[in-house]
Amino acid sequence: MVFTEENGYYEIDCRKAVWATDEHHKLYHDHTATMLSDVDWIIETRDKVLFVEYKNGNVYSSNQSFNPCDEKNINKVAKKYYDSLHYASMMKKNKMIDYIYILEFPGDDKALRNSLRIKIARKLPFRLQNAVSGKKLINNFSIVSISEWNKNYPDFPITRTDKPFK
């Protein structure tokens with residue numbers, strides 16, 4: 001399974017996954033009147049499930065903009081985690097979940113990325129699951145660049161397609 005991101009500039013190779021999908025997006029759109037939001041890909045490995053959200057602000061044309069630090073975007077990234085839990089549950093994917101936000105944007109630096117990670121993580125269920133005994137809802141949340149993703153997850157490389165940038 002090789003999936004292409006929504007703009008067609010990059011693809012992720014998930015052929016080494018135990019299971020992987022991007023079908024939840026179409027299902028959510030077709031059957032929930034877009035009330036649910038979703039991560040881009042769900043990838044199952046031997047010991048965990050990866051919720052993968054991908055956003056590349058470097059590929060927008062000059063008349064578009066993307067600010068990952070905007071509160072609306074922060075809330076959207078958190079919502080995608082929660083809404084994707086429904087699909088994982090229906091598919092009986094009960095392994096630990098790591099949520100990875102692959103992010104590229106102009107002006108990206110380590111301090112900004114860390115600040116953004118903290119803001120989004122506060123909206124995820126880490127504190128809730130510490131207050132309640134039972135199954136953990138989320139194991140880890142991280143924000144990585146494409147190169148960091150490829151280093152940390154070499155079995156699922158992201159590569160550039162032949163489509164020219166706008």
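Note that the structure is predicted; figures quoted are calculated from it, not measured. (Residues numbered from 1 in each chain as written. Predicted model: local features only at pLDDT ≥ 70, side-chain atom pairs only at ≥ 80, totals over all residues. Heavy atoms only, no water.)

Quick notes on the packing of helix H1 (residues 23-31) against helix H2 (residues 71-90)
Reasoning step 1: Across the interface, H1 lies against H2 with an axial gap of 11 Å and an inter-helix angle of 100°. Regarding the angle of H1 to H2, the classification is roughly perpendicular. Between H1, through Glu23, His24, Leu27 and Tyr28, and H2, the contact on the second element is made entirely by Asp83, Ser84, His86 and Tyr87.
Reasoning step 2: Looking at the contact of H1 with H2, its residues break down into three nonpolar, three polar and two charged. (Axes fitted to C-alpha atoms, helices over the stretch in contact; angles between N-to-C directions. Helix = DSSP H or I, 4+ residues; strand = E, 2+ residues; numbered from the N terminus. Parallel < 35°, antiparallel > 145°, perpendicular 65-115°, else oblique. Contact = heavy atoms within 4.5 Å. Nonpolar A, V, L, I, M, F, W, Y, C, P; charged D, E, K, R; others polar.)

Some details on the sheet that holds strand S7 (residues 140-144)
Reasoning step 1: If you walk across this open sheet you meet the five strands as S3-S4-S5-S6-S7, and the pairing is mixed. Each edge of the open sheet carries a strand with a single partner, namely strand S3 (19-21) and S7. Neighbour-to-neighbour, the strand axes of this sheet turn through a mean angle of 15°, independent of strand direction.
Reasoning step 2: In this structure, strand S6 (residues 96-104) lies alongside S7, joined through five bridges in parallel fashion. Counted as the bridge partner of Tyr99 is Phe141 from S7.
Reasoning step 3: The strands touched by helix H3 (residues 110-121) within the sheet are S6 and S7, with S7 carrying the most contacts at an inclination of about 150°. (Pairing = 2+ DSSP bridges.)

Some details on H3
For an α-helix, 3.6 residues make a turn, and residues three or four places apart therefore share a direction.
Reasoning step 1: Taking 1.5 Å per residue as the helical rise, H3 with its twelve residues ought to reach 16 Å, and the 16 Å between its terminal C-alpha atoms agrees with that figure.
Reasoning step 2: What H3 keeps buried is the set Arg113, Leu116, Ile120 and Ala121. The arc that holds the buried residues of H3, viewed along the axis, is 130°, so those residues lie on one side.
Reasoning step 3: Tucked into the core, H3 has its buried residues touching H2, S6, helix H4 (126-131), S7 and helix H5 (146-152).
Reasoning step 4: Its side-chain oxygen at 3.2 Å from the backbone nitrogen of Ala111, Asp109 defines the N-terminal cap of H3. (Expected span 1.5 Å × (residues − 1). Buried < 20%, exposed > 50% of the residue type's maximum accessible area, 1.4 Å probe, protein only. Arc of directions from axis to C-beta. Polar contact = N/O pair within 3.5 Å; in protein donor to acceptor, adjacent residues only side chain to side chain.)

Comments concerning the nonpolar core
Reasoning step 1: Among the nonpolar cores identified, the biggest contains 26 residues, and Phe51, Tyr99, Tyr101, Ile120, Leu124 and Phe141 are the most heavily contacted of them.
Reasoning step 2: Listed by contribution, the elements that provide at least two residues to this core are strand S5 (48-56), H2, S6, H3 and S7.
Reasoning step 3: No other element matches H2, which puts six residues into this core.
Reasoning step 4: With residues near it in sequence (within four places) discarded, Leu124 still touches Ala78, Tyr81, Tyr82, Tyr99, Ile138 and Phe141. (Core = buried A, V, L, I, M, F, W, Y, C linked by side-chain atoms within 4.5 Å.)

A closer look at the side chain of Thr21
Reasoning step 1: Tracing the chain through its elements places Thr21 in strand S3.
Reasoning step 2: At 2.9 Å, the side chain of Thr21 and the backbone nitrogen of Glu23 are in polar contact.
Reasoning step 3: Apart from residues no more than four positions distant in its own chain, Thr21 is found in contact with Phe3, Asp40, Trp41, Ile42 and Tyr87.

Regarding unusual backbone geometry
Residues apart from glycine generally show negative phi values, whereas peptide bonds are mostly found in trans.
Reasoning step 1: Here the phi dihedral of Lys92 falls at roughly 60°; this positive angle occurs in a residue that is not glycine.
Reasoning step 2: Here Lys92 falls in the exposed class, since its relative accessible area comes to 66%.

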